[in-house]
Amino acid sequence: MRIGLLGPLQVDGTVAGSRLRALLVVLALEPGRVVSISRLIDGVWGDDPPARAPNALQVLISRLRKSLDVPIESHPAGYRLVIDPDDVDVSRFERLVASVRTADDPTKAQVLREALGLWRGPALQDVADQDFFQPHAARLTELRLTALEDRTEADLRLGQDPTTELTALVTDHPLRERLVGALMRALCATGRTNEALTVYETARQALADELGADPSAELSALHTSILRGTERPRTNLRASLTSFVGRDEEVAEVVRLVGEYRLTTLTGLGGAGKTRLSIEAARKLLDGTTDGVWFVELAPISKDVAQTVLSTLGLRDHAFQGPSEPIDRLTAALSTRDTVLVLDNCEHVIDAAAALAVRLLGDCPRLRILATSREPLGITGEALWPVEPLTLPRENPTVSEAFSSSAVRLLYERAKAVRPGFTIDEQTVADVAGICRAVDGIPLAIELSAARLRTMTPRQLASRLGDRFRLLTGGSRMALPRHQTLRAVVDWSWDLLSDKEKTVLRRLAVFAGGATLDAAEHVCGEDVFDLLTALADKSLLVIGERYRLLDTIRAYGLERLEESGEADRIRTAHAEYFLTLATTADSHLRGAEQLAWLDQLTAEQDNIEAALRNSAAQTALRLVGATGWYWWLSGRHAKGLELTKAALNLPGAADEEARAVAYTVGALLLLATQDNWPDTTTFFQAAQQFSGPTKSPLLRLVKPLSQVLAGEREELPEDDGWVRAAAHLLRAAAFLSRGDRQDEIESDLEHAVTGFREIGDRWGYMVSLTNMADLRARKGDVAGALAHFEQAVAVGAELGTSEDLVQNRLRLAQLRLLSGDEPGCAATIVEAEQDAARIGLPSVMAMVEHGAAEIARWTGDLTTARARLTKAESIVDQNWTIACALATQWGFLDGVTGDLESARARHNYALTMTLGGPNSVWVAHVVVGVADLALRQGKPDEAARLLAASDAVRGTPDLTHPDVARIREEVRAALGEEKFAEAARAGDNATVHTLMEIAGPTLAIPVV
């Protein structure tokens, strides 16, 4: 409910009758406060109240309550309108005016403009003719005029031109001397001195005619200063045409620096927003600077910096008597002034600007300078504020996350100005974030992008920003030419570089992920440190732990590299450097230095990928071989597989060993992604074709693994501790997955655990412990399995978040539940969820939902189990193992709820799919689900047979799994021990090839 009194009465609802309106106005003038009965009677009836006025007032109150959707409370002393005071425009207006009495000019102008915007006409217009309300109306009218005076004076101090508005106000109120004075100052600020004198004369005559009085001392002093030529404006800052987005904290910090240091320079890339930031800071500085703030545009000039400052200050030759040299005249003029000079765009006259600053700051003790430049002025006492690009959103953010990015907020503000109705919603947010990220959050590039959104959708624009220099054109016609297109912005910076700086910049563009000093020296030439520093000083290079170009500058540099004719040579040098680095790192990824080298290769992945994509077949395949184990350890399986396939498909000669190693890497990554089992087999077989000697640890494992898979006697390497430990691990994993040679598995795993621990390989140690833990769990040793999983999780956490770590946490959660530690189980699931969110892969997040759903089902929480599975299905990617696992869990749930037909279809799908896979443990788990279905179908003998079949396929009974234990117990109870044993014998000799026949009666599968 809102009530408007500043103009015609405005209210939600109908208030019929003058007395009812008067009653509402009296109450609304004191919102939320009790108004006495006598005051209400005076407001409604004035000097002629009815005989029983309190009763008549009560009737009016009752009518008003029915008319309004707002309560009116009765009190012994009167009545109270229950409403937020800010919902009454009079109260809101008074609060806003009072809030800025001591505020700075920008705040005062903004808030008073909002307050004055509440007025729609004369105050209390509906009741203004009644004596009771006239003092209220007069007070509000006076307050409005005072607010107008305060606001126009603030605008004037901020460099805006309120002449037109002030002229109208002075015409309506010729005796208000503050308005007259403000108009005179506004006219002087625009060079209309004669008109200012005329305004004074008109006001003097009006005062004499109307009041018989002379102008006040203040107005007379202003008149005298104009006659003497000493009345000057305090700034030339112009009003901004657009909103200021995303840098409020920076404005405050720049204001602080200018107060603390006499020279402050804002540095940054062209288009980063240095000029706008300096203007907004200058507005804040104006209020506390006696002689004003002056903005000096240096962009259009190539010399005569001092003369440009003189002209900006209005100190031309005919108006100044004294020294003839511009710098001397400027120094004399500013020697005693408390002034801030904003020197904008100093980079192309950097030496002259620096010399001017030194002279002025030395001779003018009250002067402060705020400069903007693409590089520092480089003088003693200079404070620097780097103007960085706006904050970027993450990839694929939510709408609320996107709006926390200042880059997104700027794009939104500018886009809705050129395309009414533009919104950022779930359909557009990813593309909007992509646009902001593609242009590096550079404000000018964002504004040029927003202009394109007038005729393009966000998706269309985002998909075309690879050609950003052609696309991002058409800036403001009033902007300098170098700010009208993105290319012109970067051209300006390029043209200011020396030849050596240009050479280094274009060569640096070949680095996709930044460069260390060592890499830059190898690719760009020796002794580049000083040139790198110079490029950083010119805001073209970002310095942190490495040297990095913004994507926009890198794209420009690549164009220049192609033009130079040295692109092939530089790309070759780049690839050679990273091949050497990856080869060196590979040997350290299998020992105690694993973590440090993982970090180093992680920092260089963009460069390695770029080198691989830009190389011929031989170099590309060698890069795959050198980087493959890193991709495996770091969980970059999908990306590594993509790059491996690309390298293998390159035309051109490559030696057999390099190709065989690449096939080995491909097989390994296919196994991890579970993307395509036939391709995995094809890659592994291709690697087996190489029979020569090799130093590649991965290729050396191919032979013993192939012997295991073929059932031949294995030859384990003796000369390499890591290869031997890995061979033991692979052999144990192969036996586990095939359900074969169970008596040898534990010995192999013990050798693997010992070997990896001795050489310091955390990954191998973790995986060996994980397999050992699973083995202990199947044997019923929950405590031993828990200890191994806890140790594996601790080691895995050192390696960083990975799919292995998430899987281990889920198994740990299951075992904690089985050991009776329900709080520990819940906490471990939360940790797995957090790790999965950090990884961000749909398959990993779905894996967590599946694991949590299984645990919820075991505890009887079917609602949570169903919700978790539904969520997993909504996020899962094309991963057949996850799909099969989900189908099995749905089958269990459907069985519990009695939907046996759905359960049959689910289990049938899962079994059909897993039988084509490589892991007998997965198959065995699916068969347990089929056994559950058989039990619920009333076929306990089939359930016993299926349980035995799952044990046979797995190679050993699972003495820990809750579903196995539950089904076995229920089947024994149904059949008795003797019949249970007899039924189980029918499944003891099952293999993966006979499972369909065994499951046929339960799944109703016709056997052909």
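Residues numbered from 1 in each chain as written. Predicted model: local features only at pLDDT ≥ 70, side-chain atom pairs only at ≥ 80, totals over all residues. Heavy atoms only, no water.

## Observations regarding the pairing of strand S4 (residues 72–75)
Next up, step 1: Relative to strand S5 (residues 78–81), S4 runs antiparallel, the two sharing four bridges. From the neighbouring strand, Glu 73 faces S5, where its bridge partner is Arg 80.
Next up, step 2: Hairpin connection from S4 to S5: two residues lie between these consecutive antiparallel strands. (Pairing = 2+ DSSP bridges. Helix = DSSP H or I, 4+ residues; strand = E, 2+ residues; numbered from the N terminus.)

## Quick notes on a negative patch on the surface
Next up, step 1: On the surface, Asp 42, Asp 47, Asp 48, Asp 129 and Asp 131 cluster together into a negatively charged patch.
Next up, step 2: Along the chain, Asp 42 turns up in helix H2 (residues 37–45). (Patch = residues over 30% accessible without salt bridge, like charges linked within 9 Å, V, L, I, M, F, W, Y side chains within 5 Å. Areas by Shrake-Rupley, 256 points an atom, 1.4 Å probe, with all protein chains shown as cover. Salt bridge = Lys/Arg side-chain N within 4 Å of Asp/Glu carboxyl O. Lys, Arg positive; Asp, Glu negative; His and termini not counted. Charge placed at Lys NZ, Arg CZ, Asp CG, Glu CD.)

## What to know about the UniProt feature "DNA-binding region" (unreviewed entry) in the protein
Next up, step 1: This chain's UniProt record puts "DNA-binding region" (unreviewed entry) on residues 1–83.
Next up, step 2: A distance of 8 Å separates the end C-alpha atoms of residues 1–83, which is 42% helix and 18% strand. (UniProt positions renumbered as here; feature names shortened; annotations may be inferred.)

## So, helix H39 (residues 803–818)
Think of an α-helix as turning once every 3.6 residues; residues three or four places apart then point the same way.
Next up, step 1: Between the first and last C-alpha of H39 there are 23 Å, a value that for 16 residues agrees with the 22 Å anticipated at 1.5 Å per step.
Next up, step 2: Those residues of H39 lying buried are Leu 805, Val 806, Asn 808, Arg 809, Leu 810, Leu 812, Ala 813, Gln 814, Leu 815, Arg 816 and Leu 817.
Next up, step 3: The inward-facing, buried residues of H39 abut helix H37 (762–778), helix H38 (782–799), helix H40 (822–839) and helix H41 (842–858).
Next up, step 4: The positive-phi residue at the C-terminal boundary of H39 is Gly 820, with phi of around 90°. (Expected span 1.5 Å × (residues − 1). Buried < 20%, exposed > 50% of the residue type's maximum accessible area, 1.4 Å probe, protein only. Contact = heavy atoms within 4.5 Å.)

## A look at the domain arrangement of the protein
Next up, step 1: Domain boundaries in the protein define domain 1 (248–386), domain 2 (399–488) and domain 3 (879–1007).
Next up, step 2: Once you take the C-alpha centre of each, domain 1 and domain 3 turn out to be 82 Å apart. (Domains from an automatic or database assignment.)

## Re the sheet that holds S5
Next up, step 1: Overall, antiparallel pairing links the three strands, which are arranged S3-S5-S4 in an open sheet. Whereas interior strands pair on both sides, the edge strands pair on one side only; in this sheet they are strand S3 (34–36) and S4. Averaged over all adjacent pairs, the angle separating strand axes in this sheet is 30°, with direction ignored.
Next up, step 2: Pairing geometry for S3 and S5, over three bridges, is antiparallel. Counterpart to Val 34 in the pairing with S5 is Arg 80.
Next up, step 3: Seen against the sheet, H2 touches S3 and S5 and runs at an angle of roughly 70° to S3.
Next up, step 4: Where helix H3 (residues 53–67) meets the sheet, its contacts fall on S4 and S5, and the angle it forms with S4 comes to roughly 155°. (Axes fitted to C-alpha atoms, helices over the stretch in contact; angles between N-to-C directions.)

## Points about the pattern of salt bridges
Next up, step 1: Under the criterion given, the structure shown has 72 salt bridges.
Next up, step 2: As a salt-bridge pair, Arg 613 and Glu 642 come within 2.6 Å of each other at their nearest N and O atoms. Here Arg 613, found in helix H29 (residues 605–613), pairs with Glu 642, found in helix H31 (residues 637–648); they are 29 residues apart in sequence, far enough to count as distant.
Next up, step 3: According to the relative accessible area criterion, Glu 642 is partly exposed, its value standing at 39%.
Next up, step 4: For Asp 951, the salt bridge goes to Arg 954, with nearest N and O atoms at 2.9 Å. Here Asp 951 pairs with Arg 954, and both are found in helix H46 (residues 940–954), just three residues apart, close to one helical turn. Comparing Asp 951 with Arg 954 shows no difference in burial state: the two are buried.
Next up, step 5: Taken together, the salt bridges that share partners define one network made up of Glu 142, Glu 149, Asp 150, Glu 153, Arg 176 and Arg 178.

## Here's the deal with the side chain of Asp 748
Next up, step 1: Here Asp 748 lies in helix H36 (residues 742–759).
Next up, step 2: There is a polar contact of 2.7 Å between the side chain of Asp 748 and the side chain of Arg 731. (Polar contact = N/O pair within 3.5 Å; in protein donor to acceptor, adjacent residues only side chain to side chain.)

## Thoughts on the packing of aromatic side chains
Next up, step 1: One pass over the structure, following the stated rule, counts 13 aromatic pairs.
Next up, step 2: Measuring from centroid to centroid gives 5.0 Å for Phe 132 and Phe 133, while their planes differ by 85°, and the two rings are edge-to-face. You'll find Phe 132 and Phe 133 in the same group, each marked buried.
Next up, step 3: With a centroid separation of 5.0 Å and an interplanar angle of 85°, the aromatic rings of Tyr 577 and Phe 578 are classed as edge-to-face.
Next up, step 4: Overall, Tyr 577 belongs to the buried group, its relative accessible area being 13%. (Phe/Tyr/Trp six-rings, centres within 6.5 Å; stacked < 30°, edge-to-face > 60°.)

## Details of the packing of helix H43 (residues 880–897) against helix H44 (residues 900–914)
Next up, step 1: One way to put it is that H43 packs onto H44 with a least axis distance of 8 Å and a crossing angle of 155°. Classified by the angle between their axes, H43 and H44 sit roughly antiparallel to one another. Between H43 and H44 lies a crossing whose hand is left-handed. Between H43, through Trp 880, Ala 883, Cys 884, Ala 887, Thr 888, Trp 890, Gly 891, Phe 892, Asp 894 and Gly 895, and H44, the contact on the second element is made entirely by Leu 900, Ser 902, Ala 903, Arg 906, His 907, Tyr 909, Ala 910, Met 913 and Thr 914.
Next up, step 2: For the contact of H43 with H44, the residue count by class is eleven nonpolar, six polar and two charged. (Parallel < 35°, antiparallel > 145°, perpendicular 65-115°, else oblique. Left-handed = near helix turned anticlockwise from the far one by under 90°. Nonpolar A, V, L, I, M, F, W, Y, C, P; charged D, E, K, R; others polar.)

## Brief notes about the nonpolar core
Next up, step 1: Residues Leu 508, Phe 511, Trp 629 and Trp 763 are the most contacted members of the largest nonpolar core, which totals 130 residues.
Next up, step 2: By residue number, the principal contributor to this core is helix H32 (residues 656–673), which donates ten residues.
Next up, step 3: Not counting residues within four places of it along the chain, the set of residues in contact with Phe 511 comprises Ala 519, Ala 520, Val 523, Cys 524, Arg 554, His 574, Phe 578 and Asn 607.
Next up, step 4: Leu 20, Ile 61, Leu 96 and Ala 186 belong to the second-largest nonpolar core, a separate cluster that totals 72 residues. (Core = buried A, V, L, I, M, F, W, Y, C linked by side-chain atoms within 4.5 Å.)

## Description of helix H47 (residues 962–975)
Next up, step 1: When the terminal C-alpha atoms of H47 are compared, their 20 Å separation across 14 residues agrees well with the 20 Å that a helix rising 1.5 Å per residue should span.
Next up, step 2: Taken together, the buried positions of H47 are occupied by Pro 962, Asp 963, Val 964, Ile 967, Arg 968, Val 971 and Leu 975.
Next up, step 3: Looking at the packing, one finds that the buried side of H47 touches H39, H41, H43, helix H45 (920–936), H46 and helix H48 (977–985).
Next up, step 4: The positive-phi residue at the C-terminal boundary of H47 is Gly 976, with phi of around 90°.

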